[in-house]
Amino acid sequence: MEIITSKNNAVIVAASKLSDKKYRERTGTFAFEGIKLFSEAFSAGVCFSRVFVTETAYEKYREMLCALPEGILTLVSDAVYEKLSFESAPQGVFSVAKYFSPKPKAQTSFVLLLDGVADPGNFGAILRSAEAFGVDTVYMGKNGADLYNPKTVRACMGSLFRTDVRRTESIENEIALLKQSGFRIFATALKRDSLDIRDVDFLGKIGFVIGNEGHGVSEKVIGACDGTVIIPMREGPESLNAAVASGVVMWEAARQRL
């Protein structure tokens with residue numbers, strides 16, 4: 001197994017650049033930390049480019065790490081790992097992998113569309129809930145958070161490797177195509193004529209749009225939908241966090257669809 005002790009090693013320098021979106025897109029690779037995400041990615045069939053481990057982590061997780069193909073696992077000194085790490089309390093396992101897309105389901109009937117969800121933590125939490133509540137496909141607009149941002153990957157807790165996420169240049173066009181195939185699409189928005197989510201029929205082909213944390217769903221996207229829905233709340237707070245709101249809506253849909 002290769003051992004690297006220099007922070008200036010070309011492989012280390014390249015891996016440390018994966019915090020930058022442009023570099024990730026140019027190389028088609030991304031990075032994530034921790035043994036749980038490593039295990040989730042390995043089980044999903046993600047193609048690893050490199051996995052850097054400290055001596056302590058290697059001794060602790062040896063059996064799991066040694067399942068990697070030859071030449072992937074690389075031992076690094078603690079000082080070198082510090083240069084790589086995104087975390088404040090790292091576990092000593094830093095994985096570099098190629099962009100990954102799970103196989104889409106043959107048939108979809110429950111979709112989620114993200115119109116400018118910009119915070120990577122929210123984005124990751126939404127994907128985690130989407131998997132938990134049975135969403136078949138998540139569409140992400142061009143102005144949203146990066147799927148491979150380290151904060152997104154961490155917040156997903158492995159759901160990234162199992163959820164069909166598709167980039168789209170136009171949420172409105174995607175909605176039009178979905179409606180042509182029989183979907184009803186609702187936006188979450190504070191409108192006077194918005195339907196209480198408890199009164200909406202979530203059976204059949206259904207989809208929801210979650211908007212930007214500050215501006216909500218754009219009027220253009222709302223206009224492309226079949227209607228809008230709201231989550232009933234007590235007076236005072238104006239709205240919920242995007243990740244929380246999406247989780248509530250997905251839970252109600254899943255409750256009806258079980």
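Since the structure is predicted, the reported quantities are computational estimates derived from the model, not experimental observations.

Calculation rules
Residues numbered from 1 in each chain as written. Predicted model: local features only at pLDDT ≥ 70, side-chain atom pairs only at ≥ 80, totals over all residues. Heavy atoms only, no water. Helix = DSSP H or I, 4+ residues; strand = E, 2+ residues; numbered from the N terminus. Buried < 20%, exposed > 50% of the residue type's maximum accessible area, 1.4 Å probe, protein only. Pairing = 2+ DSSP bridges. Patch = residues over 30% accessible without salt bridge, like charges linked within 9 Å, V, L, I, M, F, W, Y side chains within 5 Å. Areas by Shrake-Rupley, 256 points an atom, 1.4 Å probe, with all protein chains shown as cover. Salt bridge = Lys/Arg side-chain N within 4 Å of Asp/Glu carboxyl O. Polar contact = N/O pair within 3.5 Å; in protein donor to acceptor, adjacent residues only side chain to side chain. Contact = heavy atoms within 4.5 Å.

## Some details on unusual backbone geometry
Then comes step 1: A positive phi is found at methionine 157, a non-glycine position, where the angle reads about 55 degrees.
Then comes step 2: With respect to the helices and strands, the residue methionine 157 is situated in the loop between α7 (150–156) and β8 (164–168).
Then comes step 3: Assessed through its relative accessible area of 31%, methionine 157 is described here as partly exposed.

## Focus: the pairing of strand β11 (residues 206–211)
Then comes step 1: Counted residue by residue, β11 has six buried out of six residues, so it is predominantly covered.
Then comes step 2: Of the two faces of β11, both are covered, the one formed by Ile206, Phe208 and Ile210 as well as the one formed by Gly207, Val209 and Gly211.
Then comes step 3: The pairing of strand β6 (residues 110–115) with β11 spans six bridges and is parallel. Residue leucine 113 lies in a different strand from β11, and its bridge partner there is valine 209.
Then comes step 4: Of the pairings in the sheet, the one linking strand β9 (residues 184–188) to β11 comprises four bridges and is parallel in character. The partner of isoleucine 185 across the bridge, within β11, is glycine 207.

## Focus on a nonpolar patch on the surface
Then comes step 1: On the surface, a cluster of nonpolar side chains totalling about 220 Å² of accessible area is made up of Met233, Leu240 and Val244.
Then comes step 2: Topologically, methionine 233 is positioned in the loop between β12 (227–230) and α10 (242–257).
Then comes step 3: Looking at methionine 233, the relative accessible area reads 34%, which means it is partly exposed.

## Looking at the side chain of serine 85
Then comes step 1: Following the sequence through the fold, serine 85 ends up in the loop between α5 (78–84) and β5 (93–98).
Then comes step 2: Relative accessible area serves as the criterion here: at 18%, serine 85 is assigned to the buried category.
Then comes step 3: Polar contacts involving the side chain of serine 85 include one to the side chain of glutamate 33, which spans 3.1 Å.
Then comes step 4: A polar contact is formed between the side chain of serine 85 and the backbone nitrogen of glutamate 87, at a distance of 3.0 Å.
Then comes step 5: Setting aside residues no more than four positions away along its own chain, serine 85 makes contact with Glu33, Pro90 and Phe94.

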